[in-house]
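In case you want the letters, here they are:
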Protein chains: 2
Amino acid sequence: MDKLELIPLKNTIIRDAFWNRYVDLVKESIIPYQWSILNDKMEDRKSHCIRNFKIAAGRLEGEYSGVVFQDSDLMKWIEAVAFSLAAQPDEELEKTVDELIDLIGEAQQEDGYLNTYYTINGLEYRFTNLREGHELYCAGHLMEAAVAYYKATGKRKLLDIARRFADLICGEFSEEKNGRGYPGHQEVEIGLIKLYEATGDRRYLDQARLFIDRRGQKPNYFIEEMKGPKYRQIFNELNEYDPIYSQSHIPVREQVTAEGHAVRAVYMYSAMADIAAEYDDNELLDVCRKLWNNMVQRRMYITGGIGSSGILERFTTDYDLPNNCNYSETCASIGLALFGRRMAQITGESKYYDIVEKALYNNVLAGLGMDGKSFFYVNPLEVWPDNCIPKTSKEHVKPVRQKWFGVACCPPNIARTLASLGEYIYMHKNSSIWINLFISNRTHLVIDGKRVNIGIRTSFPYDGHVRIDTRCEASIRGKLYVRIPDYIKKYGLYVDGEEMESIKTDKGYCVLELDLSDKIIELEFDLKPRIVRSNPRVREDIGKVAVMKGPVVYCMEETDNEPNLPAYYIDTSSELVEYYDNDLLGGATVIKCIGKKARQDDWSEDMLYSDMDVKHEDKVLTLIPYPYWGNRKHGEMLVWIKEYIK
Amino acid sequence: MDKLELIPLKNTIIRDAFWNRYVDLVKESIIPYQWSILNDKMEDRKSHCIRNFKIAAGRLEGEYSGVVFQDSDLMKWIEAVAFSLAAQPDEELEKTVDELIDLIGEAQQEDGYLNTYYTINGLEYRFTNLREGHELYCAGHLMEAAVAYYKATGKRKLLDIARRFADLICGEFSEEKNGRGYPGHQEVEIGLIKLYEATGDRRYLDQARLFIDRRGQKPNYFIEEMKGPKYRQIFNELNEYDPIYSQSHIPVREQVTAEGHAVRAVYMYSAMADIAAEYDDNELLDVCRKLWNNMVQRRMYITGGIGSSGILERFTTDYDLPNNCNYSETCASIGLALFGRRMAQITGESKYYDIVEKALYNNVLAGLGMDGKSFFYVNPLEVWPDNCIPKTSKEHVKPVRQKWFGVACCPPNIARTLASLGEYIYMHKNSSIWINLFISNRTHLVIDGKRVNIGIRTSFPYDGHVRIDTRCEASIRGKLYVRIPDYIKKYGLYVDGEEMESIKTDKGYCVLELDLSDKIIELEFDLKPRIVRSNPRVREDIGKVAVMKGPVVYCMEETDNEPNLPAYYIDTSSELVEYYDNDLLGGATVIKCIGKKARQDDWSEDMLYSDMDVKHEDKVLTLIPYPYWGNRKHGEMLVWIKEYIK
């Protein structure tokens, strides 16, 4: 299929008021912070990750420590560094990575196998527990890191390491040798596809497709492999394993609903989209469409979060979206964005970016604290801190961002996502350019052999003005597709200061045919705050509303309001008043509105039930952007607010 | 302390329209059904319980099967049978139990030890894991069963077996021999106290007090015992054991909030109340009062359910009462009733029975299906069946009563509770009689050497008329205390047809001083349906109301209404219309009222969020008693209904 292309990451320099406060954290804070953790320099949170590599490489004596997929932390860190180096070279950092790659190379086995858990604990057990062993998962992250580092630096050493492992995997899991195995946690498919794209070696692509098409065939591989003589269970919580957990309950092409562990699901869907495009596989693309639709139309939070169940971090059923005990893992929303970007590239439809934007601006960003050193795994829409206590049904919900985790997947995933944000803005094909996100940046690409420079300047999402300029030394005819977000009801479009009266649109983009050599295109989006409701089939949100401004979901925090946030009612017939507060969290648009609050003072603390009435008193409600919550005084948070029906 | 006494169970014959449909199930259905399960006669749900005893007794070869506390199922069954025999002798059933007692005796060790799990799996491990081993828990149920059977039949064999084990426990856990151990799951304290009451042997009472006072002392016994050479962990889910789970986090006398596993908690509180009374221990009684108040004023559902968290079946924090993912185990409400009855006996305050009544009429009764063969462990207040799926955060919530469980604590517990319902109606002391519950029955007791007959006739809770008659061959002066429930705002009191103008009350009871030889006392309670609200500190219930009639909580079921019950709003300004439906589930009062429902048809199934309005349409809401839910077509259920504010 004729997939739209991305502009190479190194071409795009982001200088955006909203995003740079986060993007800059990657290099300033997250990368060095994680590096010290990977090297066990933090007293209270040892990763043992690099130590594991040193032991596997024979540089140290010792035992493996950490979870079975600890290697992937390092790979995601390298990938984030590579993305960062692409945008902003740094010799010292590159030298650190080069030394690290030497270590990784030493830990690799003669035959290409590379996984410190099994190398240290017994290579005879390798590939005997695909369900839990995560070797293919870690391999996928190795491949992604290798490709990113190669693209950023041109250096091939890590790429060669990854290829050697990939070659082993292609042999080990060929139709001839092992016609049945596939990964317990999808990810290697994405890695193999990237390796194919970087090297042109089609075996990797074919292997990714094999993994997808084997998945869920009967009899179930993960049940069968347990009968193997060397099978050893790793995770207690996977007793009574249900294959739906890993999307292996039925063949992938028969799947129509998003099921199981949410991160596994969206990583797989992303690979499926790539494979559909590469093989012109319309059947598979149709499966992707169905899964996407099921997910975003029935199983996704307004913040772009997915995974309603804390137990097994999984999808549940249509319209089941509890707000105070959901999982909505940061990594799952990252995977959702990866999937959506691919679907946009394949279809050219803007609706995919409506969701990508939603996920990035809300659930993904909320995962990172403004200090760059604290992270949410779980992203609830309603938090009552007193109630988030260990060993209860809400133990997975944390009211305060955590410094690090035993399972450290989210922090490096956020880092690599922010570091690659430049790849989310544009798509292009021939002489057409698509603009998906409104982030201030400068980039360039080559059309018909000519370098075209493009810039975006905007204060989006706090201001609806977007200014796009295009420059080229030669005159060049092109098409510019600008995404009109689904929440924009009206907008103005100006070319070189002149308002366009009739605007052509295509698949949710407005289309301009113009000479790109020296143009200024401006859009005026109406970004006034608005009231959003849930489908009444979502039981948890009936009688409630959310407040949004552009793609940003707003929330109430206890620090701006009074305790017991669910006792607030919003008067939706009154105006939502917004103002930009320069001092609030580095600058943010605050929204105020009027409403009521149920009076609890009339009720004794010792009276639980009564035929007494509950009275309401007038209140002003203060809301801030959802991604910013939890960065001040800790307390309650609430997205869905009761609506006061007068 | 001067504790009020219970009337012996065998004196009281219940003939009640509301209760007999459940009480009769015990003998007709539950006892034989459970007997066939205990004997592995049910193909798909083998208990192995009696088989374990046969193996331990040397009658069979084989391995232990079932959970570590499987023995207790048999003991609870015997206790239920004993209660049933007390009310209604049955030679054949008694013979069955006698033979069973022979088997139990054969399974007992020389030194008195009796537990099939450890006998079969290795006696050298006995008492090495008190935290999880449940030997003392099973011993407690043995003692309770033995006392009940002795009281019902006068036969001592099981009592002697229990005493031999109790003697061993008193030796093994004496201050001299093992000054630190106490049960991981409280229950033996209740058993020891009952054994003391039946035998007069004060060592048992002292041992119960020792267990209570050792609990929670530092260093924590359950953490210490793990260092023992023979310690072996049994339950995976008790990794990273937090002593709060078993109320051993701090000394019992320092506890002021209800914490941890709810069943453990209320079994312990019941024993504490007994001990406080026996030792005139006002300090301990005060702890009981605090724990009771914390529980019923801040941590109890309107149905008398306790335990807000599915994980570890435990208490969480004040006012945390989620309706669709709570635990509210049937056994926990049974324990709450046991505790409340003891507090009422000690204090003579009616408020304890307000809760006992609430628990019995709602959470306990809901645990049993009207077929006598299906049971709820978990008693939610809101159920959406599609969403109660395995391996999710709501996996513990079952939309349909289960036939039997791997952990089978609730079914026999319900059976013994219903079989002993007679013990909940009256209390007495000297020439005073207390009436706590309004259940049609006849009983007798001896006052000043004279037999006094008492009868109650009522259609409570569906009708507020209660007729009490007292008879005695001789003239006898006495006091009659009749509980005035907390939900009764007005009532009429008549003696021999004459209305009493001024009514003396004491601690929530109305008090009549009268000659008991031939009196008819009538009460007219106003039992009209009413609207009840939660304290606004209960976040989950803000903006919602419950409908009650007398002690009975009402609920909506999908079969009488439309799907998506949370979309209903009740108009609380309009009348609650009630009528008795003879054909509904053996007869029940149905309540209808008017309200609205959020229209979902305006919303496409594929549109999750929108700035569209949600419209409401007029509806009639139909409610039935909460304990009756789930006995017809399976579907949604809802207790707390949104209030429509016009």
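Visitor: Please provide a residue-by-residue account of the overall build of chain A, values included.
Guide: When helices and strands are counted, chain A shows 16 helices and 23 strands. In summary, chain A has a C-alpha radius of gyration of 25 Å against a globular reference of 26 Å for 646 residues, a match within 12%. Referenced to the eigenvectors of the C-alpha coordinate spread, the extents of chain A come out at roughly 75 × 70 × 50 Å. Residues counted as buried form 67% of the 646 residues belonging to chain A. Sequence-distant contacts in chain A: of pairs separated by 6 or more residues, those separated by 24 or more amount to 71%.

Visitor: Tell me about the pairing of strand β19 (residues 588-598) of chain A, and please be specific about residues and values.
Guide: The two faces of a sheet get side chains in turn, since along a regular strand they alternate between them. Residue and element names in this part refer to chain A. Of all eleven residues in β19, eight are buried, a share of seventy percent or more. Two elements, strand β17 (residues 568-570) and β19, share three bridges in a ladder whose sense is antiparallel. The residue bridging Tyr569 from the neighbouring strand is Lys596, located in β19. In this structure, strand β18 (residues 577-581) lies alongside β19, joined through five bridges in antiparallel fashion. Bridging across to β19, Asp581 finds its partner in Ala588. The hairpin turn running from β18 into β19, its antiparallel successor, is six residues long, and Leu585 in that turn takes a positive phi close to 50 degrees.

Visitor: Lay out the environment of A:Glu524 with the relevant residues and their values.
Guide: All names here are of chain A. If you trace the backbone, Glu524 turns up in strand β13 (residues 518-525). Classification of Glu524 as partly exposed rests on a relative accessible area of 33%. Among all residues touching Glu524, those that are not within four sequence positions of it are Gly464, His465, Lys490, Tyr491, Gly492 and Tyr494. For Glu524, the side chain forms a polar contact with the side chain of His465, separated by 2.6 Å.

Visitor: Describe the domain arrangement of chain A, and please don't skip the residues or the numbers.
Guide: Residue and element names in this part refer to chain A. When its domains are assigned, chain A resolves into domain 1 (22-247), domain 2 (251-422), domain 3 (426-525) and domain 4 (530-644). Measuring from the centre of the C-alpha atoms in domain 3 to the corresponding centre in domain 4 gives 37 Å. Counting from both sides, the interface comprises four residues of domain 3 and, opposite them, twelve residues of domain 4. Counting each side, the surface lost to burial between domain 3 and domain 4 is near 590 Å², with a carbon and sulfur contribution of 66%. Its largest share of buried area at the contact with domain 4, domain 3 owes to Pro461, Tyr462 and Tyr487, together 96% of the area lost on that side. Our count for the contact surface shared by domain 3 and domain 4 stands at zero salt bridges. For the side of domain 3 that touches domain 4, the class distribution of residues is four nonpolar, no polar and no charged.

Visitor: So what's going on with the interface of chain A and chain B? Which residues, and what values?
Guide: Contacts between the two partners involve 72 residues from chain A and, on the opposite side, 72 residues from chain B. Contact with chain B buries area across many residues of chain A, yet A:Lys391, A:Arg539 and A:Tyr609 alone supply 14% of it, more than any other trio. For the pair chain A and chain B, the number of links is ten salt bridges. The partner of B:Arg533 in a salt bridge is A:Asp613, and the shortest N-O contact between them spans 3.6 Å. If you look at where chain A meets chain B, you find 46 residue pairs in polar contact (both at pLDDT 80 or more). Looking at the side of chain A that touches chain B element by element, the count peaks at four residues for strand β14 (residues 530-534) of chain A. When grouped by side-chain class, the residues that make up the side of chain A that touches chain B number 30 nonpolar, 19 polar and 23 charged. As defined by bridge partners, strand β20 (residues 609-610) of chain A adjoins strand β14 (residues 530-534) of chain B across two bridges and the pair is classed as antiparallel. Opposite A:Ser610, over in β14(B), you have B:Arg533 as the bridge partner.

Visitor: A description of the sheet that holds strand β8 (residues 477-483) of chain B should follow, citing residues and the corresponding values.
Guide: All names here are of chain B. Taken in spatial order, the five strands of this open sheet run β3-β4-β8-β12-β11, and their pairing is mixed. Two strands bound the open sheet, and with one partner strand each, they are β3 (426-429) and β11 (504-506). Neighbour to neighbour, the strand axes of the sheet diverge by 30 degrees on average, direction disregarded. Where β11 meets strand β12 (residues 509-515), three bridges bridge the pair, whose relative direction is antiparallel. Paired with Thr505 across the bridge in β12 is Cys510.

Visitor: Just give me the short version of the packing of helix α7 (residues 135-153) of chain B against helix α8 (residues 157-172) of chain B, but keep the residues and values in it.
Guide: Residues and elements named next belong to chain B. One can describe the packing of α7 onto α8 by two numbers: an axis separation of 8 Å at closest approach and a directional angle of 145 degrees. Our pair here, α7 against α8, has a crossing hand that is left-handed. Residue-level contacts link Glu135, Leu136, Ala139, Leu142, Met143, Ala145, Ala146, Val147 and Tyr150 of α7 to Leu158, Leu159, Ile161, Ala162, Phe165, Ala166 and Ile169 of α8. Considering only residue class, the contact of α7 with α8 consists of 15 nonpolar, no polar and one charged.

Visitor: Which residues make up the packing of aromatic side chains, and what are the values?
Guide: Counting across every chain of the model gives 64 aromatic pairs over all chains. Between B:Tyr64 and B:Tyr117, the aromatic rings sit 5.0 Å apart at their centres with planes inclined by 90 degrees, giving edge-to-face as the arrangement. One end of the pair, B:Tyr64, is in the loop between α2 (49-56) and α3 (71-87); the other, B:Tyr117, is in helix α5 (residues 116-121), with 53 residues separating them in the sequence. Here B:Tyr64 falls in the buried class, since its relative accessible area comes to 11%. Feature note: the residues A:Phe18, A:Trp19, A:Tyr22, A:Tyr361, A:Phe438, A:Phe460, A:Tyr462, A:Tyr491, A:Phe525, A:Tyr580 and A:Tyr628 constitute an aromatic cluster, connected by ring pairs. Residue placement shows B:Arg202 over the ring face of B:Tyr279; its charged tip is 5.1 Å from the ring centre. Across the ring face of B:Tyr424, the terminal group of B:Arg341 is positioned such that the distance to the ring centre comes to 4.4 Å.

Visitor: Describe in detail the confidence of the model for chain A, supporting the description with residues and values.
Guide: The pLDDT averaged across chain A works out to 95; a share of 99% of its residues lies at or above 70. Across the predicted assembly, pTM comes out at 0.96 and ipTM at 0.95.

Visitor: Give me the packing of helix α12 (residues 262-278) of chain B against helix α13 (residues 282-298) of chain B: which residues, what numbers.
Guide: When two helices pack together, their arrangement is captured by the angle between the axes and the distance separating the axes. Residues and elements named next belong to chain B. In contact at an axis separation of 8 Å, α12 and α13 are set at 145 degrees when each is read in the N-to-C sense. In the crossing of α12 with α13, the sense of the turn from one axis to the other is left-handed. Taken together, the residues of α13 that come into contact with α12 (itself represented by Val266, Tyr269, Met272, Ala273, Ile275 and Ala276) are Leu284, Leu285, Val287, Cys288, Leu291 and Met295.

Visitor: I'd like a rundown of the relation of the copies chain A and chain B, residues and numbers included.
Guide: Note on the copies: chain A fits chain B at an RMSD of 0.0 Å, the axial shift is 0.0 Å, and the rotation between them is 180 degrees. Both chain copies can therefore be described as sitting about a two-fold axis. Mapped onto chain B, 100% of the interface residues of chain A are again interface residues, and the two copies thus contact each other with one and the same surface.

Visitor: Outline the sheet that holds strand β7 (residues 465-472) of chain A, listing residues and values.
Guide: Residues and elements named next belong to chain A. Strand order across the open sheet formed by seven strands is β1-β5-β6-β7-β13-β9-β10, with antiparallel pairing between neighbours. On the outer flanks of this sheet lie β1 (13-14) and β10 (498-499), each paired with one strand and no other. Across two bridges, strand β9 (residues 491-495) lies against β10 in antiparallel orientation. Across the sheet, the residue bridging to Val495 is Glu498, located in β10.

Visitor: Give a detailed account of the pattern of salt bridges, specifying residues and quantitative values.
Guide: Scanning the model with the defined rule gives 107 salt bridges over all chains in all. A salt bridge links A:Lys549 to A:Glu578; the shortest N-O distance between them is 2.8 Å. Placement of A:Lys549 in strand β15 (residues 544-549) and of A:Glu578 in strand β18 is noted, with a sequence separation of 29 residues between them. Its salt-bridge partner being B:Lys596, residue B:Asp618 comes within 2.8 Å of it at the nearest N-O pair.

Visitor: Got a sec to walk through α2(B)? Specific residues and values, please.
Guide: Residue and element names in this part refer to chain B. Extensive coverage of α2 is indicated by the burial of six of its eight residues. Those residues of α2 not exposed but buried are Cys49, Ile50, Asn52, Phe53, Ile55 and Ala56. Buried residues belonging to α2 abut α1 (20-38), α3, α4 (91-107) and α5. Residue Gly58 follows α2 closely and has a positive phi angle near 85 degrees.

Visitor: Quick rundown of unusual backbone geometry? Include the residues and the values.
Guide: A cis amide bond, omega 5 degrees, links A:Phe460 with the succeeding residue A:Pro461. Note that A:Pro461 resides in the loop between β6 (450-458) and β7. Even without being a glycine, A:Lys507 presents a positive backbone phi close to 50 degrees. Judged by its relative accessible area of 49%, A:Lys507 falls in the partly exposed class. Its identity is not glycine, yet B:Tyr319 carries a phi of approximately 65 degrees, on the positive side. Along the polypeptide, B:Tyr319 turns up in the loop between α13 and α14 (330-347).

Quick notes on the rules
Residues numbered from 1 in each chain as written. Chains lettered and ligands numbered in written order. Predicted model: local features only at pLDDT ≥ 70, side-chain atom pairs only at ≥ 80, totals over all residues. Heavy atoms only, no water. Helix = DSSP H or I, 4+ residues; strand = E, 2+ residues; numbered from the N terminus. Rg over C-alpha atoms; globule rule 2.2 N^0.38 Å. Buried < 20%, exposed > 50% of the residue type's maximum accessible area, 1.4 Å probe, protein only. Contact = heavy atoms within 4.5 Å. Pairing = 2+ DSSP bridges. Polar contact = N/O pair within 3.5 Å; in protein donor to acceptor, adjacent residues only side chain to side chain. Domains from an automatic or database assignment. Buried area = accessible area lost by both parts, 1.4 Å probe. Salt bridge = Lys/Arg side-chain N within 4 Å of Asp/Glu carboxyl O. Nonpolar A, V, L, I, M, F, W, Y, C, P; charged D, E, K, R; others polar. Axes fitted to C-alpha atoms, helices over the stretch in contact; angles between N-to-C directions. Left-handed = near helix turned anticlockwise from the far one by under 90°. Phe/Tyr/Trp six-rings, centres within 6.5 Å; stacked < 30°, edge-to-face > 60°. Lys NZ or Arg CZ within 6 Å of the ring centre and 35° of its normal. pLDDT = per-residue confidence, 0-100. Least-squares fit on C-alpha atoms with pLDDT ≥ 70 in both.

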